[in-house]
Number of protein chains: 2
Amino acid sequence: MDIEQANTTAVTRMMEARPILKGVAVAREAIPGMKPNLFLHAGPPMTWERMSGPMRGAMIGAMMLEGLAKNEAEAVALAEKGAVEFAPNHEHGTVGPMAGVTSPSMKVYIVENVTHGNKAYCNFNEGYGKVLRMGAYSDEVIKKLKWINSDFASIIGEAIAASGEGLDVRALIAEALHMGDESHNRNKAGSLLYLKWLAPLVAKAAKDSGVESEVLKFVGDNALSVLNPVMAACKAMADAGHNVEGSTLVSTMARNGTDFGLRVSGLGDRWFTAPAEVPKGLWFPGFTEADANPDIGDSTITETVGIGGFAMATAPAIVSFVGSTPKEAVNATLEMYEITAAEHKTFTIPALDFRGTPTGIDIRKVIEKGILPRVNTGIASKNAGVGQVGAGLVRPPMAIFEEALVAFAEKYEL
Amino acid sequence: MDIEQANTTAVTRMMEARPILKGVAVAREAIPGMKPNLFLHAGPPMTWERMSGPMRGAMIGAMMLEGLAKNEAEAVALAEKGAVEFAPNHEHGTVGPMAGVTSPSMKVYIVENVTHGNKAYCNFNEGYGKVLRMGAYSDEVIKKLKWINSDFASIIGEAIAASGEGLDVRALIAEALHMGDESHNRNKAGSLLYLKWLAPLVAKAAKDSGVESEVLKFVGDNALSVLNPVMAACKAMADAGHNVEGSTLVSTMARNGTDFGLRVSGLGDRWFTAPAEVPKGLWFPGFTEADANPDIGDSTITETVGIGGFAMATAPAIVSFVGSTPKEAVNATLEMYEITAAEHKTFTIPALDFRGTPTGIDIRKVIEKGILPRVNTGIASKNAGVGQVGAGLVRPPMAIFEEALVAFAEKYEL
């Protein structure tokens, strides 16, 4: 067996995947295996008992959004008696930021990798402040979610449909990387490129100018607007490199707020998990590290395909948000070349003479060099119902790479 | 006389100026001293006889737009018999990119420096291809100008009015500098920030959704959309630092395609001029240096207030457009600290640990160090009617700094 060859195949498939934003649909109609009482979540598999505060909070809110529960107590009762099921987004072609809860009636983006034909899904970004993905579920949160799920998603869906060909999200990311985004925690430029594409389509719809104006304002003011289509695009790229026989490349990194989960291309759908770390970062006013939940969210799909923490060198302005220095940002990217299989063909870094971003994490190199992947992330309160408390940097636990390498040796009898 | 103190006053006034985009008006109604047969232009004063090809071309087109001439021959005849007057934009509180021709019926942006109360004006950006500012004047050019002057400018003007408070252009520039723009030749991010501000206002107008959609598409697709409001903002900032008794800081750098012109804060409205250089750069397909006109345009107002070529370090992606390397881009900015009086308080460069951009060119330092200001620029064909042939880098002639320093010594009896 030729591991190098297998890794080249896997990383080339990731890089050649061309994810196009094709439309908007209701989760239960679009996501494979979705059903009325199923609640998808970020990271590896999780039970109600072991669920972290922010994920419990998001589940409570989602049950209220679905009309299954009127309040927290009813939602908790449903969860405790097993009346609802939980499953990882990743096992349904889906991803979600932070808690990442995807419930049956939520509208989702549909992204298709037109090179290889696989699809991926992600819900809509709710903006800042008290939001479901950070574990908040007050009336205000649910009200905003309902607007996003109705007026907002309808207009965005119609705009995408009216475009005819959809939006090339890989090209958008490539451009945003030249405009100071690393496309995980900093999506300022990407969200404006998304707005640029949407604005003429939305204005032309001319059904209700008040709503259209509000939609364009929400897309423009939310510098994370494009994060969710970007994450779906990254999922579509990562999945293209998954299940390559003999490959030691990481095809999934995802956290559920309790555990950090890893999957490896040549090891199929098996999860390797260990307790997630608490990120180091900058805290919103009134919060400290003591308020922080351990690492949470599927957004590490960005680092999995060579952007986010791996593209820090192109986003020096982000350091004022995650707590670092421009020099460290460059070093973060340089370090990631040590543990990756390729330099991306499409995602390049002007400040490093247009070098491709480090892409395709090789678990052998992680162990050999003792270097863990770098991740940029938002930080949720450890308590349900609170929301975001900061943003920062984190690494996965080494144990999951060790376990995966042992499993690889066993499977392939090395 | 304390030159240091005078320079601190001048550069502080430039940095404390807060230019707000306040509205749109017809040039003849808004610009001080504008009259029916007056055609303003970029750079220092110029006669028809000595006018370069692109400026002649732009004058011909402007006379056709005004309805004074039906074709090139009629326009040339008017110019030759002295039936129209020419004057520098700069002497009327105005600036314009490239040929910078501002004629009486053109719509202009009005920017007000709310700190000191002075106003500045700039016409609308026409986008790419065959455009008046590059000296083209075909039917297609005039048709597009008419659309910009009617539908486009009306909707933008209404949107600005509807905003109530206008747009803080200094804040926009500061944000764009963190998104890979240097805000002279690269205005990708700034133009999207402008779109983000405009889009909800335009969509809400709901008069003709087809036109509104077209307007948003034009703003979004033209990565130079915001250049003209930015130039007016820079003019408002530079003028705030002009006429400070005893100051050796540059308050105007501008080129008319024949001469490069310089004005100094402590030397009033006197121009120092010498032949403009031909920029070095990258050529559009089918063109070479032999097609290039010497340096042209008022857009050096950006470098005058500390952005553009002075902020190259924050815009590494620009090198693929102007012909340079990311390393040289950083060096360009570092070099400019040698000849400037201050580091900008609002315009900062993340990659240089958020250092303020080099601001306030001191003619003493230019002479003492033998370092000329760096300028990013578009390059026009030397022939009227052709248009843009490339983009690149250029420096002003040393002679004008020498003359200015001599004049300074004479005036102040040093």
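Reading the values: the criteria
Residues numbered from 1 in each chain as written. Chains lettered and ligands numbered in written order. Predicted model: local features only at pLDDT ≥ 70, side-chain atom pairs only at ≥ 80, totals over all residues. Helix = DSSP H or I, 4+ residues; strand = E, 2+ residues; numbered from the N terminus. Buried ≥ 20, exposed ≤ 12 C-beta atoms within 10 Å, placed from the backbone. Contact = placed C-beta atoms within 7 Å. Nonpolar A, V, L, I, M, F, W, Y, C, P; charged D, E, K, R; others polar. Domains from an automatic or database assignment. Pairing = 2+ DSSP bridges. Axes fitted to C-alpha atoms, helices over the stretch in contact; angles between N-to-C directions. Parallel < 35°, antiparallel > 145°, perpendicular 65-115°, else oblique. Least-squares fit on C-alpha atoms with pLDDT ≥ 70 in both. Arc of directions from axis to C-beta. pLDDT = per-residue confidence, 0-100.

1. Focus: the overall build of chain A
- What chain A contains, in helices and strands, is 14 helices and 16 strands.
- Expressed along its principal axes, the backbone C-alpha trace of chain A runs to roughly 55 × 50 × 40 Å.
- The buried share of chain A, reckoned over its 414 residues, is 60%.
- Put simply, 74% of the contacts in chain A that link residues at least 6 apart link residues at least 24 apart.

2. Re the interface of chain B and chain A
- Across the boundary between the two partners, chain B contributes 29 residues, which contact 29 residues of chain A.
- For the side of chain B that touches chain A, the elements supplying multiple residues, two or more each, are α7 (188-205) and α8 (209-221) of chain B.
- Here the side of chain B that touches chain A takes 11 residues from α7 of chain B, the largest share from any one element.
- Taken together, the residues that form the side of chain B that touches chain A break down as 16 nonpolar, seven polar and six charged.

3. Regarding the domain arrangement of chain A
All names here are of chain A.
- Domains assigned within chain A are domain 1 (17-231) and domain 2 (243-411).
- Computed from C-alpha coordinates alone, the two centres of domain 1 and domain 2 are separated by 21 Å.
- In this assembly, 43 residues from domain 1 lie in contact with 48 residues from domain 2.
- Mapped by element, the contributors of at least two residues to the side of domain 1 that touches domain 2 are α3 (53-65) and α6 (169-177).
- When residues of the side of domain 1 that touches domain 2 are assigned to their parent elements, the largest contribution, six residues, is made by α3.
- Here the side of domain 1 that touches domain 2 is composed, by residue class, of 20 nonpolar, 16 polar and seven charged.

4. Remarks on the sheet that holds strand β5 (residues 107-113) of chain A
All names here are of chain A.
- If you trace the five strands from one edge of the open sheet to the other, you get β4-β6-β5-β1-β7, paired in mixed fashion. Since the sheet does not close on itself, it has two edges, and those belong to β4 (94-95) and β7 (167-168), each with one partner.
- As paired strands, strand β1 (residues 19-26) and β7 are joined by two bridges and run antiparallel to one another. Bridge pairing in β7 places Leu21 opposite Leu167.

5. Looking at unusual backbone geometry
All names here are of chain B.
- Although it is not a glycine, Ser183 adopts a positive phi angle of roughly 70°.
- Assignment of secondary structure puts Ser183 in the loop between α6 (169-177) and α7.
- Backbone geometry places Glu413, a non-glycine residue, at a positive phi of 50°.
- Checked against the element boundaries, Glu413 lands in the segment after α14 (398-411).

6. Brief notes about the sheet that holds strand β9 (residues 259-264) of chain B
All names here are of chain B.
- Taken in spatial order, the four strands line up as β10-β9-β8-β12 in an open sheet, and their pairing is antiparallel. At either margin of the open sheet sits one strand with a lone partner, and together these are β10 (272-275) and β12 (296-297).
- Summarising the sheet, strand β8 (residues 250-256) and β9 pair through five bridges and their orientation is antiparallel. Paired with Ala254 across the two strands is Gly261, which belongs to β9.

7. Regarding the packing of helix α8 (residues 209-221) of chain A against α7 of chain B
- One way to put it is that α8 of chain A packs onto α7 of chain B with a least axis distance of 7 Å and a crossing angle of 175°. On the basis of their axis angle, the class for α8 of chain A and α7 of chain B is roughly antiparallel. Seen from α8 of chain A, the contacting residues are Ser209, Gly210, Glu212, Ser213, Leu216, Lys217 and Gly220 of chain A; seen from α7 of chain B, they are Lys196, Ala199, Pro200, Ala203 and Lys204 of chain B.
- Residues of the contact of α8 of chain A with α7 of chain B, tallied by class, amount to four nonpolar, four polar and four charged.

8. A short note on the relation of the copies chain B and chain A
- For these two chains of identical sequence, chain B goes onto chain A by a turn of 180° and a shift of 0.0 Å along the axis, with RMSD 0.0 Å. Taken together, the rotation and translation relating the two chain copies correspond to the operation of a two-fold axis. Minimal C-alpha separation from the rotation axis in chain B is found for Met179 of chain B, amounting to 2.3 Å.
- Taken as a fraction of all interface residues of chain B, those also at the interface in chain A reach 100%, which identifies the copy contact as same-surface.

9. Some details on helix α12 (residues 326-336) of chain A
Residues and elements named next belong to chain A.
- Along α12, the residues classified as buried are Pro326, Ala329, Ala332, Thr333 and Met336. In a view along the axis of α12, the buried residues occupy a sector of 110°, so they form one face of it.
- In the core, the buried residues of α12 are packed alongside α11 (319-322), β13 (340-349) and β14 (355-361).

10. Re the confidence of the model for chain A
- Of all residues in chain A, 100% attain a pLDDT of 70 or more, and the chain-wide mean is 96.
- Taken over the whole predicted complex, pTM reads 0.97, whereas the ipTM for its chain interfaces reads 0.95.

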